[in-house]
Structures are given as C-alpha cells and as structure tokens.
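One-letter residues, chain by chain:
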Amino acid sequence: MRLAELSGRSGVSTATIKYYLREGLLPPGRQVNATTAEYGEEHLRRLRLVRAMVQVGRLPVATVREVLGHVDDDSLGRTIRLGAALWALPQVPGPDADDEHVRAAREEADALLDTLGWSNAGLLTTISPAYRSLVVSVAAFRRLGYDWDAELLVSYARLMHRAAELDLDYVERQPSEAERVEAAVLGAILVEPMLQALHRLAQEEESARRYGFG
C-alpha cells in the first residue's frame, strides 16, 4: 500500500507516519521511485503498536524507540528479549538504601521470593525494576505503620503468578517471534491497566457484599 492508504487504514495522519519513519519507530517502505514507497501489513501492525505505546501507554518517543529496538533484536534469547523490552518501560525511582523502612521492605521481599521459590527473580534483585517497585511499595506501607510482610504478600504473589502464566499462554499463541515480543510489551502497557480495573471492580463488589450499600 502507498502512504495514503497506510494512513487511511491505520487512522494515523501521513505527517505523523513520516515523523515515525524519521524517528526510526517504523521501518522504511520499499522504494518504488525517488519519491514513492510501498508499505505492507507489517508496517500497519507496527504502526498500531507504536500508537498504542504512545497514546495509551503515554510513552515518550525515545522510550518507544528503545523498546522496539529490543523487540527487533533477533540476537537475544526470548527471556532476555522480553525482559529487555519490558525493563525499558518507565519505572519507579530507586529507593533510599539507607532508609530503615526500605531495608525492612527488602528483607520482606527477599523472604517472599525465597518462600515462593522464585530463584530467577532472586538472582536479579540488584537490577530488576519490578523488584525495586515492590520494595518501594512495601516500604511506603511500613512507613505509614502498616506492616506488610512476606506472609501477607504470598497470596497476592501466587495470584500474579497465575496471571503471568495466562500472559505467556497468550504470548505463545502468536505466530512469529516478533509478534510474541510485541504481545508481551502490549501486555505491560494494556493488560496491567485492565488488571488494575478488574482489581478495583472486585474490591467494589466484595465491599458491597460485606458491608452493603448503606
């Protein structure tokens, strides 16, 4: 398809598509002559991925470029490829290592991983954004006097492990390796808000069951 058709099918203006091409977010089309290029279905799929990351995920263009670089890197194994793409997404700032609540939160997070037998996650605690985010959240609770600990977190973690199994079941149903990585990245951007929404709906339902509407 020509640029105008790509724009019409995607709902993205030609000016924005040209911008994505200049920024390296979209691969160049097949050059027909000096002024015309043709684009395929892979361009349409990538364009939709970029728009989801920019519009729904609200990611800056530089972050989108970094994530897509990992998505397209065939030299990486699947686990590293997925992890590198997901770790490029925005993360929480690192906690203050000298904060007593942070130290206590780290102890609880490490105890949690040990209880669950999550040895791979345990090996990555010094560099994992997810581990850092867990520590920051637990530390915030403890700072406010709510002693969230490994025992309390275990049930939540097991629920999330089941969610992760469902995530990867979906990823593995995709026909190509690139689409599997794309699906994992979209999962981080789109599935997490859906899980948050489902969590809140469940809280509303359970609250009404327990306490009524009065």
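Residues numbered from 1 in each chain as written. Predicted model: local features only at pLDDT ≥ 70, side-chain atom pairs only at ≥ 80, totals over all residues. Heavy atoms only, no water.

Peer 1: Explain the overall build of the chain to me, please; I cannot follow it from the model alone.
Peer 2: Secondary structure summary: the chain contains 10 helices and 2 strands in total. Order of helices (α) and strands (β) in the chain, N terminus to C terminus: α-α-β-β-α-α-α-α-α-α-α-α. In terms of overall size, the chain is more extended than a compact globule, its C-alpha atoms giving a radius of gyration of 21 Å where 214 residues would be expected to give roughly 17 Å. Projected onto the principal axes, the alpha-carbon positions of the chain cover approximately 65 × 45 × 30 Å. (Helix = DSSP H or I, 4+ residues; strand = E, 2+ residues; numbered from the N terminus. Rg over C-alpha atoms; globule rule 2.2 N^0.38 Å.)

Peer 1: Whenever I open this one, the packing of helix H9 (residues 150-172) against helix H10 (residues 177-211) confuses me. Can you help?
Peer 2: Think of two packed helices as two axes; the pair is described by the angle between the axes and how far apart they sit. Contact geometry of H9 with H10 gives a least axis separation of 8 Å together with a crossing angle of 140°. Considered as vectors, H9 and H10 are oriented oblique to each other. Considering only the axes of H9 and H10, their crossing is right-handed. Across the interface between the two elements, Asp-167, Tyr-170, Val-171 and Glu-172 from H9 touch Arg-180, Ala-183, Ala-184 and Val-191 from H10. Split into classes, the residues belonging to the contact of H9 with H10 amount to 5 nonpolar, no polar and 3 charged. (Axes fitted to C-alpha atoms, helices over the stretch in contact; angles between N-to-C directions. Parallel < 35°, antiparallel > 145°, perpendicular 65-115°, else oblique. Left-handed = near helix turned anticlockwise from the far one by under 90°. Contact = heavy atoms within 4.5 Å. Nonpolar A, V, L, I, M, F, W, Y, C, P; charged D, E, K, R; others polar.)

Peer 1: Can you help me understand a nonpolar patch on the surface in this one?
Peer 2: A surface patch of nonpolar side chains, about 390 Å² in accessible area, is lined by Trp-87, Leu-123, Leu-124 and Ile-127. Counting through the fold element by element, Ile-127 comes out in the loop between helix H7 (119-123) and helix H8 (129-143). You can call Ile-127 partly exposed: its relative accessible area is 46%. (Patch = residues over 30% accessible without salt bridge, like charges linked within 9 Å, V, L, I, M, F, W, Y side chains within 5 Å. Areas by Shrake-Rupley, 256 points an atom, 1.4 Å probe, with all protein chains shown as cover. Salt bridge = Lys/Arg side-chain N within 4 Å of Asp/Glu carboxyl O. Buried < 20%, exposed > 50% of the residue type's maximum accessible area, 1.4 Å probe, protein only.)

Peer 1: Which parts of the structure should I look at to understand the packing of aromatic side chains?
Peer 2: In this description, a pair of aromatic rings is defined by centroid distance and the angle of the planes. For the structure on display, the rule yields 4 aromatic pairs. For the pair Phe-141 and Tyr-146, a centre-to-centre distance of 6.3 Å together with 85° between the ring planes defines the contact as edge-to-face. You can call Phe-141 partly exposed: its relative accessible area is 36%. Judged by relative accessible area, Tyr-146 falls into the exposed class, the value being 51%. Ring centres of Trp-148 and Tyr-156 lie 5.5 Å apart, and the angle between their planes is 45°; this geometry places the pair in the tilted category. Feature note: the residues Phe-141, Tyr-146, Trp-148 and Tyr-156 constitute an aromatic cluster, connected by ring pairs. (Phe/Tyr/Trp six-rings, centres within 6.5 Å; stacked < 30°, edge-to-face > 60°.)

Peer 1: Looking at this structure, I do not really get the side chain of His-43. What am I missing?
Peer 2: Among the structural elements, His-43 can be located in helix H3 (residues 41-56). Setting aside residues no more than four positions away along its own chain, His-43 makes contact with Leu-6, Leu-26, Pro-27, Pro-28 and Gly-29.

Peer 1: Where do I start with the packing of H3 against helix H4 (residues 61-71) in this structure?
Peer 2: Where H3 contacts H4, the axes come no closer than 11 Å and their chain directions differ by 135°. Taken together, the axes of H3 and H4 lie oblique to each other. In this structure, H3 meets H4 at a crossing whose hand is right-handed. Residues Arg-46, Leu-49, Val-50, Met-53 and Val-54 of H3 form the contact with H4, whose participating residues are Val-64, Val-67, Leu-68 and Val-71. Here the contact of H3 with H4 is built from residues that sort into 8 nonpolar, no polar and 1 charged.

Peer 1: Just to check I follow, could you spell out the pattern of salt bridges for this structure?
Peer 2: Opposite charge on two side chains allows them to pair when their charged atoms are near. Scanning all chains against the criterion turns up 9 salt bridges. Two residues, Asp-72 and Arg-46, come together in a salt bridge whose shortest N-O distance is 2.8 Å. Placement of Asp-72 in the loop between H4 and helix H5 (78-87) and of Arg-46 in helix H3 is noted, with a sequence separation of 26 residues between them. Across the salt bridge formed by Glu-165 and Arg-162, the nearest N and O atoms sit 3.1 Å from each other. In this pair, Glu-165 and Arg-162 both sit in helix H9, 3 residues apart, roughly one turn of the helix. A relative accessible area of 35% means that Glu-165 is categorised as partly exposed. Take Arg-162: its relative accessible area is 44%, and that puts it in the partly exposed class.

Take it as geometry only, folks, not as evidence of what the structure does.
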